Amino acid sequence: MACGGQVPGQPGPTTAAGGGSSASNAPTSTSATGSGPASLATLDPCKLLSPSEQQQLGQISSANGTNLAGVRGCDFTSTDFIVSPAILEKKGVADLVVTGTVSDIQVGSRSAREMRGDTGGCLVAIGVAAKSRVDVAVIDSRGNQDNACALAEKAAKLVEPKLPKS
């Protein structure tokens, strides 16, 4: 999955040739303090949303792992939308390639940027460290950008506690 400017105006997911592979929806383990894993390298993007969190977002029918140009991601798909978290281990929030309107926001205790793409999708880039981030992209099948951004923000808030502390 690629997000944040790989394709101008497309903040949503891109699947490598051959499609993604099926992945488990089991919850990600975190410490009792909710500090997340020690590094992004050990984080499985398909475990960033537990089954109960997926239901909070809507009727997710599948979760498929993706890997495009070294960016590990997962496409959580429903009939109405796709939510796609992606792990960028070598690009920080400041490296976000802008192809739409960008706003600085907070997700939990972290700095983030929300990008409203030119084609109706929405992406929230959550800063993990100066040179790493997790993007949560949403494409609404009806093209409703406000809904896509609301869903991206909601998913980002569910993902954020599972990320490593810098």
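This one's a predicted model, so the numbers in the text were calculated from it and none came from an experiment. (Residues numbered from 1 in each chain as written. Predicted model: local features only at pLDDT ≥ 70, side-chain atom pairs only at ≥ 80, totals over all residues. Heavy atoms only, no water.)

Draft legend 1. Layout of the side chain of S78. Relative to the elements of secondary structure, S78 occurs in the loop between β3 (71-77) and β4 (81-88). S78 gets classed as buried once you look at its relative accessible area, which sits at 11%. Within polar-contact distance, the side chain of S78 engages the backbone nitrogen of D80 at 3.0 Å. (Helix = DSSP H or I, 4+ residues; strand = E, 2+ residues; numbered from the N terminus. Buried < 20%, exposed > 50% of the residue type's maximum accessible area, 1.4 Å probe, protein only. Polar contact = N/O pair within 3.5 Å; in protein donor to acceptor, adjacent residues only side chain to side chain.)

Draft legend 2. Fine view of the confidence of the model for the protein chain. Looking at the protein chain as a whole, the pLDDT averages 82, with 78% of positions reaching at least 70. Taken together, the stretch residues 1-35 has pLDDT below 50 and engages in 96 contacts with residues farther than four places along the chain or on a different chain. (pLDDT = per-residue confidence, 0-100. Contact = heavy atoms within 4.5 Å.)

Draft legend 3. Expanded view of the pattern of salt bridges. All told, the structure shown has ten salt bridges when counted by the stated rule. A salt bridge links R142 to D80, with the nearest nitrogen and oxygen atoms 3.2 Å apart. Of this pair, R142 sits in the loop between β8 (132-140) and α2 (145-159) while D80 sits in the loop between β3 and β4, and the two are 62 residues apart along the sequence. For R142, a relative accessible area of 54% gives the class exposed. Note on D80: relative accessible area 34%, which makes it partly exposed. Of the charged contacts in the structure, one is a salt bridge between R113 and D104, with a shortest N-O distance of 3.2 Å. Owing to a relative accessible area of 64%, D104 belongs among the exposed residues under this scheme. Through salt bridges that share partners, D80, D140 and R142 make up one connected network. (Salt bridge = Lys/Arg side-chain N within 4 Å of Asp/Glu carboxyl O.)

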